[in-house]
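# Analysis of the macromolecular model
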Amino acid sequence: MRRDQLEHAIRTACQIIGHPAVIVVGSQSILGSFDETELPADATMSIEVDILPIADDNDETARLADVIEGIAGEFSPFEELHGFSIDGVDLSTSVLPDGWRDRLVKVRNANTAAPGGDPVFTGWCLDKEDLCVAKLCAFREKDQNFVAALVHAGLVDRKIIAERLTEVPVKARATTERAAAWLEVI
């Protein structure tokens, strides 16, 4: 995936739900911090963008996520036309460390604007180390490969990731111990 595709996904998701901003929580949120030309291939392989609608409660977030998914999700005409899909997600999708909302990376420019230039929508992408925490809490092989590629490329700070693994909600601590041990040996 490329940065312009991320911007397109932000614009489309905002237009679908009629909101001025969304949060990008999946692997493609790395494109908020880096251009695809700066990233290893394992960091841009996904052809889906995980979008978390911003709402007052998780029930409304989930409802809006379903709307996004229904219009631009996997196997949709949107995916067929543009070569990537937009997955609507809710707050239960990612395990994130305390303070993650304060570290979001803003993506807002001419490419996130509606046709005609107004309004300009905003995508809030996860901070690169917070993204790695979420990936390590999921701990799938593709998530491990993603984090390892960023660590080996020197694009994320292993110490910050390890510290933030200790700041996830208590219910996810069992997964963080495994992730921290893995992080020490890669």
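In case you missed it, the structure is sitting above this.
Residues numbered from 1 in each chain as written. Predicted model: local features only at pLDDT ≥ 70, side-chain atom pairs only at ≥ 80, totals over all residues. Heavy atoms only, no water.

### As for the pattern of salt bridges
As a reminder, the rule being used: Whenever a carboxyl oxygen of Asp or Glu lies within 4 Å of a side-chain nitrogen of Lys or Arg, that contact is scored as a salt bridge. Note on conventions: DSSP H or I runs of at least 4 residues are helices, E runs of at least 2 residues are strands, and numbering of each starts at the N terminus. Relative accessibility thresholds used throughout: buried, under 20% of the residue-type maximum; exposed, over 50%; partly exposed, between the two (1.4 Å probe, protein chains only).
Per the counting criterion, the structure on display carries nine salt bridges. Measuring nitrogen to oxygen at the nearest pair gives 2.5 Å for the salt bridge that ties Asp 127 to Arg 164. Here Asp 127 is found in the loop between strand 5 (122–125) and helix 4 (128–138), whereas its partner Arg 164 is found in helix 6 (residues 158–165), with 37 residues between them in sequence. Accessibility expressed as a relative area gives 13% for Asp 127, which makes it buried. A salt bridge links Arg 164 to Asp 130, with the shortest nitrogen-to-oxygen separation between them at 3.0 Å. With a gap of 34 residues between them, Arg 164 in helix 6 and Asp 130 in helix 4 connect regions that are remote in the sequence. When its relative accessible area of 12% is taken as the criterion, Arg 164 is described as buried. Overlapping salt bridges, with partners in common, bring together Arg 103, Asp 127, Asp 130 and Arg 164 in one network.

### A closer look at the nonpolar core
Taken as a class, soluble globular proteins show a tendency for nonpolar side chains to be buried jointly. What counts, and what does not: We define the nonpolar core as a collection of buried residues of types Ala, Val, Leu, Ile, Met, Phe, Trp, Tyr and Cys that are connected through side-chain atoms lying within 4.5 Å of one another. Working rule for contacts: check all heavy atoms of both residues, and any pair within 4.5 Å makes them a contact.
Ranked by internal contacts, the top residues of the largest apolar core, which has 55 residues, are Ile 86, Leu 136, Leu 150 and Ile 161. Residue contacts for Leu 136: discarding those within four places in its chain leaves Val 147, Ile 161, Leu 165, Ala 179, Trp 182 and Leu 183.

### Some thoughts on the packing of helix 6 against helix 7 (residues 173–185)
When two helices pack together, their arrangement is captured by the angle between the axes and the distance separating the axes. Using the following cut-off: A fitted line through C-alpha atoms represents every axis, and for helices the fit uses only the stretch in contact; the resulting angles, taken between N-to-C directions, go from 0 to 180 degrees. Under this scheme an angle from 65 to 115 degrees is roughly perpendicular, one under 35 degrees roughly parallel, and one over 145 degrees roughly antiparallel; angles in between are oblique. Should the near helix be turned anticlockwise from the far one by less than a right angle, the crossing is left-handed, and should it be turned clockwise, the crossing is right-handed. Each residue is assigned to one of three groups, with Ala, Val, Leu, Ile, Met, Phe, Trp, Tyr, Cys and Pro labelled nonpolar, Asp, Glu, Lys and Arg labelled charged, and all others, Gly among them, labelled polar.
Across the interface, helix 6 lies against helix 7 with an axial gap of 10 Å and an inter-helix angle of 165 degrees. Compared by their axis directions, helix 6 and helix 7 come out roughly antiparallel. Between helix 6 and helix 7 lies a crossing whose hand is left-handed. In contact with Arg 158, Ile 161, Ala 162 and Leu 165 of helix 6, helix 7 contributes Thr 176, Ala 179, Ala 180, Leu 183 and Glu 184. Along the lines of polarity and charge, the residues of the contact of helix 6 with helix 7 split into six nonpolar, one polar and two charged.

### Considering the environment of Pro 40
Inspection of the secondary structure puts Pro 40 in the loop between strand 1 (21–24) and strand 2 (48–53). Given the relative accessible area of 21%, Pro 40 is considered partly exposed.

### Comments concerning helix 2 (residues 58–72)
The condition is simple: Here, expected helix span is obtained from the residue count minus one, scaled by 1.5 Å. Within this analysis, the arc is defined by the directions that extend from the helix axis to the C-beta atoms. Polar contacts here mean pairs of N or O atoms no more than 3.5 Å apart (in protein, one a potential hydrogen donor and the other a potential acceptor; neighbouring residues in sequence count only if both atoms are side-chain atoms).
An ideal rise of 1.5 Å per residue puts 21 Å on 15 residues; helix 2 measures up with 20 Å between its terminal C-alpha atoms. The complete set of buried residues in helix 2 reads Thr 61, Leu 64, Ala 65, Ile 68 and Ala 72. Around the axis of helix 2, the buried residues are gathered within 105 degrees of arc, so they sit on the same side. In helix 2, the exposed positions that point more than 90 degrees away from the buried face belong to Asp 59, Asp 66 and Gly 70. Looking at the buried positions of helix 2, the neighbouring elements they touch are helix 1 (3–17), strand 2, helix 3 (77–82) and strand 3 (85–88). The residue sitting at the N-terminus of helix 2 and contributing the capping side-chain oxygen is Asp 57; that oxygen lies 3.0 Å from the backbone nitrogen of Asp 59.

### Side note on unusual backbone geometry
The amide bond that connects Asp 118 to the next residue, Pro 119, takes the cis arrangement and shows omega of 5 degrees. Structurally, Pro 119 is set in the loop between strand 4 (105–107) and strand 5. We note that Phe 75 has phi near 70 degrees; this positive angle belongs to a residue other than glycine. When you line up the elements, Phe 75 lands in the loop between helix 2 and helix 3. Taking the relative accessible area as the measure of exposure, Phe 75 reaches 73% and is therefore exposed.

### A closer look at the packing of aromatic side chains
Operational definition: Note on aromatic pairs: the rings of Phe, Tyr and Trp (six-membered ring only in Trp) are paired at centre separations within 6.5 Å, and the planes decide the class, stacked below 30 degrees, edge-to-face beyond 60, tilted for the rest. To sit over a ring, a charge needs its Lys NZ or Arg CZ within 6 Å of the ring centre and within 35 degrees of the ring normal.
Under the counting rule described, the total for this entry stands at two aromatic pairs. Arranged with centres 5.3 Å apart and planes meeting at 90 degrees, the rings of Phe 78 and Phe 84 form a pair that is edge-to-face. According to the relative accessible area criterion, Phe 78 is buried, its value standing at 11%. Judged by relative accessible area, which is 2%, Phe 84 ranks as buried. Consider the rings of Phe 139 and Trp 182, whose centres lie 6.2 Å apart with planes at 85 degrees: the pair is edge-to-face. One end of the pair, Phe 139, is in the loop between helix 4 and helix 5 (141–152); the other, Trp 182, is in helix 7, and 43 residues separate them in sequence. Neither residue differs from the other here; Phe 139 and Trp 182 are each classed as buried. A cation over an aromatic ring shows up here: Lys 135 above the ring of Phe 146, its NZ or CZ 5.6 Å from the ring centre.

Purely geometric stuff here, so don't read any function into it on its own.
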